[in-house]
Each structure stands twice: as C-alpha cells, then as structure tokens.
Amino acid sequence: MFASPRPTVRRRALAAAGTAAALALTLTACGSSNDESSSMPGMDHGAKPSASVSATASPSMGDMPRMDHMAAGDGLSDTKDGYRLTSTDTTLMAGKPAAYRFAVTGPDGKPVSAFAVDQTKRMHFYAIRSDLTGFQHIHPTMAADGTWTAALDTLAPGAWRMFASFTPNSGVGKETAFVLSRTVTVPGTETKTPLPAAAQTTEADGYTVTVKGEPMAGMAHPLTVTVTKDGKPVTDLEPYLDTYAHLTAFHEGDTAFAHLHPTTKVNGGHGGPELSFNAELPTSGNWRLFLQFQTGGKLHTAALTLHVG
C-alpha cells in the first residue's frame, strides 16, 4: 500500500500560509512608508543656456512634480514601450545655428501630438556633445502634424546626442514620462575638451555655485546647492520652469541622462540662497551637472563635475 499524501499536503498548506503572511507584512510595511524623496522640486563647461523663459509659467507654482513621474532609464535609446523618437536629421552644420526636426510616434506608429505639460512645457529638449560640452536646453515648437523643431545654437564639430523629454497626454503611455534620444554628427575637425575634475564649486556670470553631497550610484541621496555673489548669499532667484533652479546631469563616457527635481518648493517670486535636490544617479563615475537659474530676467547656466561612488 501507498502512504497517505495528507501529511505532505498539510505541510505544503502551512508553508504557503506562512509565505502569504510574510508577504502581507512586507506589503503593509512598504505601503505605510512616508517617502519624502518622491516629492521633489527641479548643472557647461562652455555651454550656452536657452535664451527664453516660458511665457506660460504660472505665478502660483503649487506642488512640485513627484519623482515617481520622472522618466525611468538613462535616455540612451530612441524607443521605449512602443514610443519612438524619429528624425531624418543625422548631420547638422557646424558654426551656425541649426534646426533639428523630429517627431514622437506611439505604439500605433502614428505621430503623437497630445503631450502633458511638465514644468510649464510640453517638450524639453537637450543637446550635449560626447565630451559633455555645448549643453543646450531648448523648448521646441510643434506643428499640427506632430513634427517638432528645436532651434539649436551653434554646434561644434563632433558627435552629439539629442534628448527629448515628454509625457504623452493620451494613449497607452498617458501620464508616463519618457526620455528618448538620437545621435547626430556635426562634420569638421573635432577638438575634445577634457572633463574638469570633480569639484564642489563653480563660477557662472559672476555667481558662485556650491554643491554639497556624496551620492552613491542607485541610491537616493540629498544634494544641497548654494548660490552666492561677491561672497554674499543670493536671495533673488526667480521662478524658472516651476522651480528656483533646473538641474540636469550627464554621465561621462556614454552621456546617459538624469533629470533631478529640487525638493525646495517655489514660495513667492524670489528664492535662495540654498536649494535642496534629491540625487538618484543610476551609475557610478563622473557626472556633469548643469544648473540653470534665473535672476533679473536673465537665465544663467553653471556646470560642475560630480563624482558618484
């Protein structure tokens, strides 16, 4: 005769019940955590910043975008979840302004024309050369057929990567943030600029920007940015793109992209001197930070190298 299978069944049932209980406890603990890092507010060696400021910026800034709405990944692909960044431009002329034309197609292969507003804009566009020089942050214009045009400033010869940051306002990707990119070549004799060493301070237009923090790859870590001028704290930072400062980072070697929202909320027409950011940089190594801030109606761009362990 065969032995009864019931004891084995009982043991399996008890083990399953124990596993379920442990899982329930784990989910309860995760759901009850108060993750302050998910509520974030927004640095050339040789970069020229975007010349214009949004005319649609609301005087009442409200709540800052949440980190869980930020795009996942490093932006180094032209396609994600069925969305694709398309362009026929593979080369651009050196030494003069250029127009880069592109479109975003959805999972159905058709151009997307409905985009959600993020930090007062429906599309944020970034250009960076392979040596992390020439940073440009542009807000392109869209035609009725879904074709975007980014008006680029003068480009130096070399390999460039063009990033499009957007959130569809319809379809399967609605409310999902994406960063996609393509590369272009600017013909001519390329002179590469060595990446400046990691440093805590940098100068831009007479302002001194100091960054404090020691981020680790793949971990959320606070960064504190202080802006001074002539040794005095700067307290007249103006709202720019729903924040007092906009922070973008690119990784040395592969130009991987990261956008960091500040945790300092806009409260009135003037801010500073200290701003807080949440740094969650996915890869170790050197990152070039570009901090954009505005005073007296003028946009400034400060850049420094941050080492991530």
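To keep things clear, this report deals only with the structure shown in the data block. Remember, predicted model here, so these are calculated numbers, not experimental data.

**Here we look at the overall build of the protein**
Piece 1. For the protein, the helix and strand inventory stands at one helix and 18 strands.
Piece 2. Residue burial in the protein is summarised as follows: out of 309 residues, 44% are buried.
Piece 3. With the model as given, the accessible surface of the protein reaches about 15300 Å², and the carbon-plus-sulfur share is 54%.

**Considering the side chain of H259**
Piece 1. With respect to the helices and strands, H259 occurs in strand β15 (residues 257-260).
Piece 2. A polar contact is formed between the side chain of H259 and the side chain of Q119, at a distance of 3.5 Å.
Piece 3. At a separation of 3.1 Å, a polar atom in the side chain of H259 contacts the side chain of H246.

**Notes on the sheet that holds strand β17 (residues 285-295)**
Piece 1. A sheet is described by the order of its strands in space; here four strands give the open sequence β15-β14-β17-β18, paired in antiparallel fashion. If you trace the sheet from one side to the other, it starts and ends with β15 and β18 (298-308), each paired once. Across the sheet, the axes of successive neighbouring strands diverge by a mean angle of 20 degrees, strand direction being ignored.
Piece 2. Direction of pairing for strand β14 (residues 246-251) relative to β15: antiparallel, over a ladder of four bridges. Its bridge partner lying in β15, A249 is registered against A258.

**Brief notes about the packing of aromatic side chains**
Piece 1. Enumeration according to the criterion identifies 17 aromatic pairs in this entry.
Piece 2. A centroid spacing of 6.4 Å and a plane angle of 10 degrees characterise the contact between F102 and W148, whose relative ring orientation is stacked. Placement of the pair is F102 in strand β3 (residues 98-105) and W148 in strand β7 (residues 147-152), with a sequence separation of 46 residues.
Piece 3. The class of F102 is buried, set by a relative accessible area of 2%.
Piece 4. By relative accessible area, which is 4% here, W148 ends up buried.
Piece 5. Taken together, the aromatic side chains of Y83, Y100, F102, F115, F125, W148, F166 and F178 make up a single cluster linked through ring pairs.
Piece 6. Over the ring of Y207 we find K229; its NZ or CZ atom is 4.6 Å from the centre of that ring.

**As for unusual backbone geometry**
Piece 1. Along the chain, G272 connects to P273 via a cis peptide bond; the corresponding omega equals 0 degrees.
Piece 2. Along the polypeptide, P273 turns up in the loop between β15 and β16 (274-279).
Piece 3. Phi is positive for D81, close to 50 degrees, though the residue is something other than glycine.
Piece 4. Looking at the element boundaries, D81 is found in the loop between β1 (79-80) and β2 (83-86).
Piece 5. Its relative accessible area of 54% is what places D81 among the exposed residues.

**Overview of the pattern of salt bridges**
Piece 1. Applying the stated criterion to the full structure yields three salt bridges.
Piece 2. As a salt-bridge pair, R182 and D78 come within 3.4 Å of each other at their nearest N and O atoms. Placement of R182 in strand β9 (residues 178-186) and of D78 in the loop between α1 (6-31) and β1 is noted, with a sequence separation of 104 residues between them.
Piece 3. Residue classification places R182 among the partly exposed positions, given a relative accessible area of 22%.
Piece 4. Across the pair R129 and D131 runs a salt bridge, and its minimum N-O distance is 2.6 Å.

The rules behind each value
Each chain has its residues counted from 1, running along the sequence as written. In view of the model being predicted, local features appear only for residues whose pLDDT reaches at least 70, and side-chain atom pairs are presented and counted only at 80 or more, with totals across whole chains, interfaces and linings using the full set of residues. To obtain the side-chain values, all non-hydrogen atoms of the structure were included, while hydrogens and water were left out. A run of H or I in DSSP counts as a helix once it spans at least four residues, and a run of E counts as a strand once it spans at least two, with each numbered from the N terminus. A 1.4 Å probe rolled over the protein chains alone gives each residue an accessible area, and that area as a share of the maximum for its type sets the label: buried under 20%, exposed over 50%, partly exposed in between. Shrake-Rupley sampling with a 1.4 Å probe provides the accessible areas, and residues are treated as covered by the protein chains on show and by no other component. Counting of polar contacts relies on pairs of N or O atoms within 3.5 Å, with two restrictions inside protein: one atom must be capable of donating a hydrogen and the other of accepting it, and residues adjacent in sequence are counted only when both atoms are side-chain atoms. A pair of strands is labelled paired if DSSP reports no fewer than 2 bridges between them. Here an axis means a line fitted to C-alpha atoms, over the contact stretch when the element is a helix, while the angle between two N-to-C directions is reported on a 0 to 180 degree scale. For this analysis, a ring pair means two rings from Phe, Tyr or Trp (six-membered ring only for Trp) whose centres lie within 6.5 Å, classed as stacked if their planes differ by under 30 degrees, edge-to-face if by over 60, and tilted for the remaining angles. Placement of a charge over a ring requires the Lys NZ or Arg CZ to be within 6 Å of the ring centre, with the centre-to-atom vector within 35 degrees of the ring normal. Just to be clear on terms, a salt bridge is a Lys or Arg side-chain nitrogen sitting within 4 Å of an Asp or Glu carboxyl oxygen.

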